[in-house]
Amino acid sequence: MPAIVVHGGAWDVSRELVGPNKTGISHAAIAGIEVLKAEGNALDAVEAAIRILEDDDSFNAGIGSVLTLDGHIEMDAAIMDGKTLKAGAVGSVSNVRHPISLARKIAEETIHVFLVGKGADDFARAVCAQEVCSFGELVVERRKKLWEDINERMGDKLVDGYLKAQVELLDKYPLLKNVPLDTVGAVAIDKNGDIAAGTSTGGMPMKLSGRIGDSPLIGCGTYADNDSGGVSATGHGESIIKTTLAKTTCDLIERGHNAQKAADVAIDFLWTKIGGKGGVIVIDKNGNVGLSYNTTKMPRAWMNTEMSTPEVTI
(Lines give C-alpha, C1' and ligand atoms only; values in the text may rest on other atoms or scores of the structure.)
Protein backbone atom coordinates (compact mmCIF):
# COMPACT_ATOMS: atom_id res chain seq x y z
CA MET A 1 0.00 0.00 0.00
CA PRO A 2 1.34 3.48 -0.84
CA ALA A 3 2.67 5.26 2.24
CA ILE A 4 4.96 8.07 3.35
CA VAL A 5 6.86 8.83 6.54
CA VAL A 6 8.57 12.15 7.35
CA HIS A 7 10.79 13.52 10.11
CA GLY A 8 11.78 16.97 11.31
CA GLY A 9 15.14 16.19 12.92
CA ALA A 10 16.31 14.40 16.05
CA TRP A 11 16.79 16.93 18.84
CA ASP A 12 15.33 18.41 22.02
CA VAL A 13 12.45 20.33 20.46
CA SER A 14 11.95 23.61 22.31
CA ARG A 15 8.51 24.28 23.75
CA GLU A 16 7.68 27.09 21.35
CA LEU A 17 8.39 24.89 18.33
CA VAL A 18 6.39 21.80 19.31
CA GLY A 19 3.19 23.16 17.76
CA PRO A 20 4.79 24.46 14.55
CA ASN A 21 6.75 21.21 14.15
CA LYS A 22 3.59 19.11 14.49
CA THR A 23 1.80 21.26 11.94
CA GLY A 24 4.72 21.21 9.55
CA ILE A 25 5.29 17.46 9.49
CA SER A 26 1.55 16.87 9.21
CA HIS A 27 1.36 19.14 6.16
CA ALA A 28 4.40 17.43 4.66
CA ALA A 29 2.92 13.94 5.08
CA ILE A 30 -0.37 15.08 3.55
CA ALA A 31 1.44 16.67 0.60
CA GLY A 32 3.28 13.43 -0.04
CA ILE A 33 0.23 11.20 0.29
CA GLU A 34 -1.76 13.41 -2.08
CA VAL A 35 0.89 12.73 -4.71
CA LEU A 36 0.60 9.00 -4.08
CA LYS A 37 -3.21 9.09 -4.15
CA ALA A 38 -2.99 10.77 -7.55
CA GLU A 39 -0.89 7.78 -8.66
CA GLY A 40 2.31 9.78 -8.57
CA ASN A 41 5.57 8.00 -7.90
CA ALA A 42 7.51 7.73 -4.66
CA LEU A 43 10.18 10.18 -5.83
CA ASP A 44 7.55 12.85 -6.50
CA ALA A 45 6.00 12.25 -3.07
CA VAL A 46 9.33 12.57 -1.26
CA GLU A 47 10.21 15.78 -3.08
CA ALA A 48 6.77 17.28 -2.42
CA ALA A 49 6.92 16.49 1.30
CA ILE A 50 10.44 17.85 1.77
CA ARG A 51 9.67 21.05 -0.14
CA ILE A 52 6.94 21.73 2.44
CA LEU A 53 9.48 21.32 5.26
CA GLU A 54 12.07 23.48 3.47
CA ASP A 55 9.48 26.28 3.30
CA ASP A 56 8.68 25.99 7.02
CA ASP A 57 11.07 28.07 9.13
CA SER A 58 10.40 25.99 12.25
CA PHE A 59 12.76 23.39 10.75
CA ASN A 60 16.46 23.47 9.94
CA ALA A 61 16.30 23.17 6.15
CA GLY A 62 15.77 25.70 3.39
CA ILE A 63 14.19 28.77 4.97
CA GLY A 64 15.22 28.82 8.62
CA SER A 65 18.54 27.02 8.20
CA VAL A 66 21.06 27.57 10.97
CA LEU A 67 24.12 29.76 10.49
CA THR A 68 27.72 28.64 10.16
CA LEU A 69 30.47 29.81 12.49
CA ASP A 70 31.17 32.72 10.13
CA GLY A 71 27.50 33.68 9.79
CA HIS A 72 26.57 32.12 6.46
CA ILE A 73 24.00 29.51 5.40
CA GLU A 74 25.27 26.28 3.81
CA MET A 75 22.64 23.64 3.02
CA ASP A 76 22.88 19.98 2.01
CA ALA A 77 20.32 17.60 0.50
CA ALA A 78 20.00 14.26 -1.27
CA ILE A 79 17.30 12.21 -2.95
CA MET A 80 17.43 8.60 -4.17
CA ASP A 81 15.25 6.37 -6.35
CA GLY A 82 15.12 2.81 -5.06
CA LYS A 83 14.03 1.40 -8.40
CA THR A 84 17.09 2.52 -10.36
CA LEU A 85 19.49 3.57 -7.55
CA LYS A 86 19.69 6.90 -9.31
CA ALA A 87 20.62 9.59 -6.79
CA GLY A 88 21.39 13.29 -6.63
CA ALA A 89 22.95 15.37 -3.87
CA VAL A 90 24.08 18.91 -3.12
CA GLY A 91 26.41 20.20 -0.43
CA SER A 92 27.16 23.67 0.97
CA VAL A 93 24.65 25.47 -1.27
CA SER A 94 23.75 28.94 -0.18
CA ASN A 95 21.31 30.46 -2.65
CA VAL A 96 18.66 27.80 -3.27
CA ARG A 97 15.19 27.80 -1.74
CA HIS A 98 14.58 24.06 -2.21
CA PRO A 99 17.85 22.08 -2.12
CA ILE A 100 15.91 18.81 -2.47
CA SER A 101 14.66 19.87 -5.90
CA LEU A 102 18.18 20.84 -6.96
CA ALA A 103 19.40 17.42 -5.82
CA ARG A 104 16.76 15.77 -7.99
CA LYS A 105 17.84 17.85 -10.99
CA ILE A 106 21.37 16.54 -10.52
CA ALA A 107 20.06 12.97 -10.46
CA GLU A 108 17.97 13.37 -13.57
CA GLU A 109 19.85 15.88 -15.73
CA THR A 110 23.53 15.13 -15.17
CA ILE A 111 25.85 12.13 -15.16
CA HIS A 112 26.91 13.01 -11.61
CA VAL A 113 25.58 12.29 -8.13
CA PHE A 114 27.01 15.06 -5.95
CA LEU A 115 27.70 18.76 -6.58
CA VAL A 116 28.95 21.14 -3.89
CA GLY A 117 29.49 24.82 -3.18
CA LYS A 118 29.84 27.26 -6.05
CA GLY A 119 29.42 24.51 -8.65
CA ALA A 120 26.07 23.50 -7.18
CA ASP A 121 24.95 27.13 -6.92
CA ASP A 122 25.96 27.74 -10.55
CA PHE A 123 24.09 24.60 -11.63
CA ALA A 124 20.99 25.89 -9.84
CA ARG A 125 21.13 29.16 -11.76
CA ALA A 126 21.50 27.25 -15.02
CA VAL A 127 18.78 24.62 -14.66
CA CYS A 128 16.26 25.90 -12.10
CA ALA A 129 16.59 29.65 -11.82
CA GLN A 130 13.19 29.79 -10.09
CA GLU A 131 14.78 28.12 -7.05
CA VAL A 132 17.57 30.70 -6.69
CA CYS A 133 17.18 33.08 -3.77
CA SER A 134 19.18 35.41 -1.54
CA PHE A 135 20.62 34.93 1.94
CA GLY A 136 17.98 37.33 3.22
CA GLU A 137 15.20 35.08 1.96
CA LEU A 138 16.58 32.07 3.85
CA VAL A 139 17.68 33.53 7.18
CA VAL A 140 15.17 34.09 9.99
CA GLU A 141 15.50 36.37 12.98
CA ARG A 142 15.75 33.66 15.67
CA ARG A 143 18.67 32.06 13.81
CA LYS A 144 20.48 35.41 13.62
CA LYS A 145 19.76 36.01 17.30
CA LEU A 146 21.11 32.59 18.26
CA TRP A 147 24.30 33.17 16.28
CA GLU A 148 24.78 36.59 17.90
CA ASP A 149 24.10 35.24 21.40
CA ILE A 150 26.55 32.35 21.02
CA ASN A 151 29.29 34.59 19.69
CA GLU A 152 28.75 37.11 22.48
CA ARG A 153 28.82 34.49 25.24
CA MET A 154 31.61 32.30 23.96
CA GLY A 155 33.92 34.49 21.93
CA ASP A 156 37.31 32.87 21.22
CA LYS A 157 36.37 29.83 23.31
CA LEU A 158 33.84 28.89 20.65
CA VAL A 159 36.45 28.53 17.93
CA ASP A 160 38.84 26.61 20.16
CA GLY A 161 36.09 24.30 21.40
CA TYR A 162 34.73 23.65 17.96
CA LEU A 163 38.07 22.71 16.52
CA LYS A 164 38.57 20.17 19.32
CA ALA A 165 35.20 18.44 18.99
CA GLN A 166 31.64 19.50 18.25
CA VAL A 167 30.24 17.00 20.74
CA GLU A 168 32.39 18.46 23.54
CA LEU A 169 31.15 21.89 22.54
CA LEU A 170 27.53 20.77 22.90
CA ASP A 171 28.28 19.37 26.34
CA LYS A 172 30.16 22.47 27.45
CA TYR A 173 27.65 25.00 26.13
CA PRO A 174 24.05 23.85 26.70
CA LEU A 175 22.77 26.82 24.67
CA LEU A 176 23.53 24.81 21.53
CA LYS A 177 21.47 21.83 22.69
CA ASN A 178 18.18 23.65 22.10
CA VAL A 179 18.58 24.06 18.34
CA PRO A 180 18.01 21.50 15.60
CA LEU A 181 21.12 19.43 14.93
CA ASP A 182 20.36 18.71 11.33
CA THR A 183 17.68 17.47 9.05
CA VAL A 184 14.26 16.96 7.60
CA GLY A 185 13.52 13.89 5.54
CA ALA A 186 10.94 11.67 3.89
CA VAL A 187 10.62 8.10 2.64
CA ALA A 188 7.78 6.86 0.42
CA ILE A 189 6.55 3.73 -1.34
CA ASP A 190 4.15 3.97 -4.29
CA LYS A 191 1.53 1.66 -5.81
CA ASN A 192 4.20 -0.09 -7.89
CA GLY A 193 6.30 -0.89 -4.82
CA ASP A 194 8.94 1.63 -5.82
CA ILE A 195 10.68 3.31 -2.89
CA ALA A 196 12.35 6.71 -2.62
CA ALA A 197 14.12 8.59 0.17
CA GLY A 198 15.28 12.15 0.61
CA THR A 199 16.93 14.33 3.25
CA SER A 200 17.56 18.08 3.50
CA THR A 201 19.40 20.16 6.10
CA GLY A 202 20.90 23.45 7.12
CA GLY A 203 23.57 21.47 8.96
CA MET A 204 25.01 21.89 12.44
CA PRO A 205 24.63 25.27 14.13
CA MET A 206 27.96 27.11 14.27
CA LYS A 207 29.60 24.56 11.96
CA LEU A 208 32.85 25.35 10.21
CA SER A 209 32.34 26.67 6.68
CA GLY A 210 32.56 23.79 4.22
CA ARG A 211 31.45 21.12 6.71
CA ILE A 212 29.16 18.56 5.10
CA GLY A 213 27.27 16.09 7.25
CA ASP A 214 25.51 12.83 6.57
CA SER A 215 22.38 14.13 4.85
CA PRO A 216 23.70 14.34 1.25
CA LEU A 217 25.97 11.30 1.53
CA ILE A 218 24.35 8.32 -0.14
CA GLY A 219 24.32 5.42 2.30
CA CYS A 220 24.84 7.64 5.33
CA GLY A 221 21.90 10.01 5.70
CA THR A 222 19.92 8.85 2.68
CA TYR A 223 19.42 5.52 0.93
CA ALA A 224 16.76 3.68 -1.08
CA ASP A 225 16.72 0.30 -2.78
CA ASN A 226 13.57 -1.57 -3.83
CA ASP A 227 15.24 -4.83 -2.77
CA SER A 228 15.36 -3.69 0.86
CA GLY A 229 13.82 -0.33 1.71
CA GLY A 230 14.31 3.40 2.07
CA VAL A 231 15.84 5.38 4.93
CA SER A 232 16.33 9.00 5.94
CA ALA A 233 18.56 9.51 8.96
CA THR A 234 18.88 12.44 11.33
CA GLY A 235 21.08 13.35 14.28
CA HIS A 236 24.80 13.83 14.85
CA GLY A 237 26.07 13.75 11.30
CA GLU A 238 29.62 12.67 11.98
CA SER A 239 28.41 9.60 13.89
CA ILE A 240 25.92 8.75 11.15
CA ILE A 241 28.66 9.00 8.52
CA LYS A 242 30.99 6.69 10.44
CA THR A 243 28.29 4.03 10.72
CA THR A 244 26.84 4.50 7.18
CA LEU A 245 23.55 4.44 9.02
CA ALA A 246 21.05 4.50 6.14
CA LYS A 247 22.71 1.63 4.25
CA THR A 248 23.26 -0.25 7.50
CA THR A 249 19.51 -0.06 8.13
CA CYS A 250 18.72 -1.34 4.64
CA ASP A 251 21.21 -4.17 5.08
CA LEU A 252 19.35 -5.22 8.22
CA ILE A 253 16.15 -5.44 6.17
CA GLU A 254 17.92 -7.64 3.63
CA ARG A 255 18.93 -9.93 6.51
CA GLY A 256 15.27 -10.46 7.38
CA HIS A 257 14.26 -7.64 9.73
CA ASN A 258 11.11 -5.62 9.06
CA ALA A 259 11.26 -1.82 9.00
CA GLN A 260 10.71 -1.29 12.73
CA LYS A 261 13.16 -3.94 13.85
CA ALA A 262 15.79 -2.70 11.40
CA ALA A 263 15.31 0.86 12.67
CA ASP A 264 15.67 -0.20 16.30
CA VAL A 265 18.76 -2.33 15.67
CA ALA A 266 20.39 0.41 13.59
CA ILE A 267 19.92 3.06 16.29
CA ASP A 268 21.19 0.65 18.93
CA PHE A 269 24.25 0.06 16.73
CA LEU A 270 24.74 3.83 16.32
CA TRP A 271 24.91 4.18 20.12
CA THR A 272 26.83 1.05 21.09
CA LYS A 273 29.39 1.33 18.29
CA ILE A 274 30.22 5.01 18.52
CA GLY A 275 28.02 6.69 21.14
CA GLY A 276 26.06 8.44 18.42
CA LYS A 277 22.71 10.17 18.84
CA GLY A 278 20.13 10.22 16.09
CA GLY A 279 17.13 8.64 14.45
CA VAL A 280 15.89 6.94 11.30
CA ILE A 281 12.63 6.71 9.41
CA VAL A 282 12.21 3.58 7.30
CA ILE A 283 9.88 1.92 4.81
CA ASP A 284 10.75 -1.64 3.86
CA LYS A 285 10.05 -3.39 0.56
CA ASN A 286 6.80 -4.82 1.98
CA GLY A 287 5.48 -1.37 2.86
CA ASN A 288 6.07 -1.59 6.61
CA VAL A 289 6.97 1.68 8.34
CA GLY A 290 9.64 1.96 11.04
CA LEU A 291 10.75 4.87 13.23
CA SER A 292 13.45 4.84 15.91
CA TYR A 293 15.61 7.40 17.71
CA ASN A 294 17.71 7.85 20.85
CA THR A 295 17.48 11.62 21.20
CA THR A 296 14.99 13.43 23.42
CA LYS A 297 12.53 13.88 20.56
CA MET A 298 12.15 13.30 16.83
CA PRO A 299 9.18 15.03 15.17
CA ARG A 300 7.69 12.44 12.82
CA ALA A 301 4.56 11.62 10.90
CA TRP A 302 3.40 8.81 8.67
CA MET A 303 0.39 8.14 6.51
CA ASN A 304 -0.89 5.62 3.98
CA THR A 305 -3.53 6.07 1.32
CA GLU A 306 -6.28 4.58 3.50
CA MET A 307 -5.75 7.09 6.32
CA SER A 308 -7.66 10.39 6.43
CA THR A 309 -5.07 12.10 8.64
CA PRO A 310 -1.43 11.37 9.40
CA GLU A 311 -0.19 9.88 12.66
CA VAL A 312 1.96 12.64 14.16
CA THR A 313 4.33 12.34 17.12
CA ILE A 314 6.98 14.63 18.62
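The structure under discussion appears in the preceding block.
It should be emphasised that the depicted structure is a prediction, and the values quoted were computed from it without experimental measurement.

On to the pattern of salt bridges, then. Per the stated rule, a full pass over the model turns up 14 salt bridges. Among the salt bridges present, the one from Arg97 reaches Glu137, with a minimum N-O distance of 2.9 Å. On the criterion of sequence distance, the pair formed by Arg97 in the loop between strand E3 (87–93) and helix H3 (99–109) and Glu137 in helix H5 (residues 135–138) is long-range, its members being 40 residues apart. In this structure, the salt-bridge partner of Glu109 is Lys105, at a minimum N-O distance of 3.2 Å. Remark: Lys105 and Glu109 occur in helix H3; sequence separation between them is 4 residues, near one turn of the helix.

The buried count for H3 comes to 8 of 11 residues, which makes it a mostly enclosed element. Taken as a whole, H3 has its buried residues at Pro99, Ile100, Ser101, Leu102, Ala103, Arg104, Ile106 and Ala107. Lining the buried residues of H3 we find helix H2 (42–54), strand E2 (75–81), E3, strand E4 (114–116), helix H4 (117–127) and strand E6 (195–201).

Glancing now at H4. Here H4 has its buried residues at Gly117, Ala120, Asp121, Phe123 and Ala124. On an axial view of H4, the arc spanned by its buried residues comes to 160°, and they lie on one face. The outward face of H4, more than 90 degrees from its buried face, is lined by the exposed residues Lys118 and Ala126.

Okay, the sheet that holds strand E10 (residues 289–293) next. The strand order across the open sheet built from 4 strands is E7-E8-E9-E10, with neighbouring strands paired in antiparallel fashion. What marks the edges here is a single partner per strand, and that holds for strand E7 (222–225) and E10. Adjacent strand axes in the sheet meet at a mean angle of 10° when their direction is disregarded. Bridging between strand E8 (residues 229–235) and strand E9 (residues 278–284) involves 7 bridges; their strand directions are antiparallel. Paired with Thr234 across the two strands is Gly279, which belongs to E9. Where helix H10 (residues 245–254) meets the sheet, its contacts fall on E7, E8 and E9, and the angle it forms with E8 comes to roughly 140°.

Right, let's talk about the nonpolar core for a bit. Among the nonpolar cores identified, the biggest contains 50 residues, and Ile4, Val6 and Leu102 are the most heavily contacted of them. With sequence-adjacent residues up to four places away left out, Leu102 is seen in contact with Val90, Val93, Val96, Ala120, Phe123, Ala124 and Cys128. Residues Ala10, Ala233, Ala246 and Ala266 belong to the second largest nonpolar core, which totals 31 residues.

Scoring rules and cut-offs
- Residues numbered from 1 in each chain as written.
- Predicted model: local features only at pLDDT ≥ 70, side-chain atom pairs only at ≥ 80, totals over all residues.
- Heavy atoms only, no water.
- Salt bridge = Lys/Arg side-chain N within 4 Å of Asp/Glu carboxyl O.
- Helix = DSSP H or I, 4+ residues; strand = E, 2+ residues; numbered from the N terminus.
- Buried < 20%, exposed > 50% of the residue type's maximum accessible area, 1.4 Å probe, protein only.
- Contact = heavy atoms within 4.5 Å.
- Arc of directions from axis to C-beta.
- Pairing = 2+ DSSP bridges.
- Axes fitted to C-alpha atoms, helices over the stretch in contact; angles between N-to-C directions.
- Core = buried A, V, L, I, M, F, W, Y, C linked by side-chain atoms within 4.5 Å.

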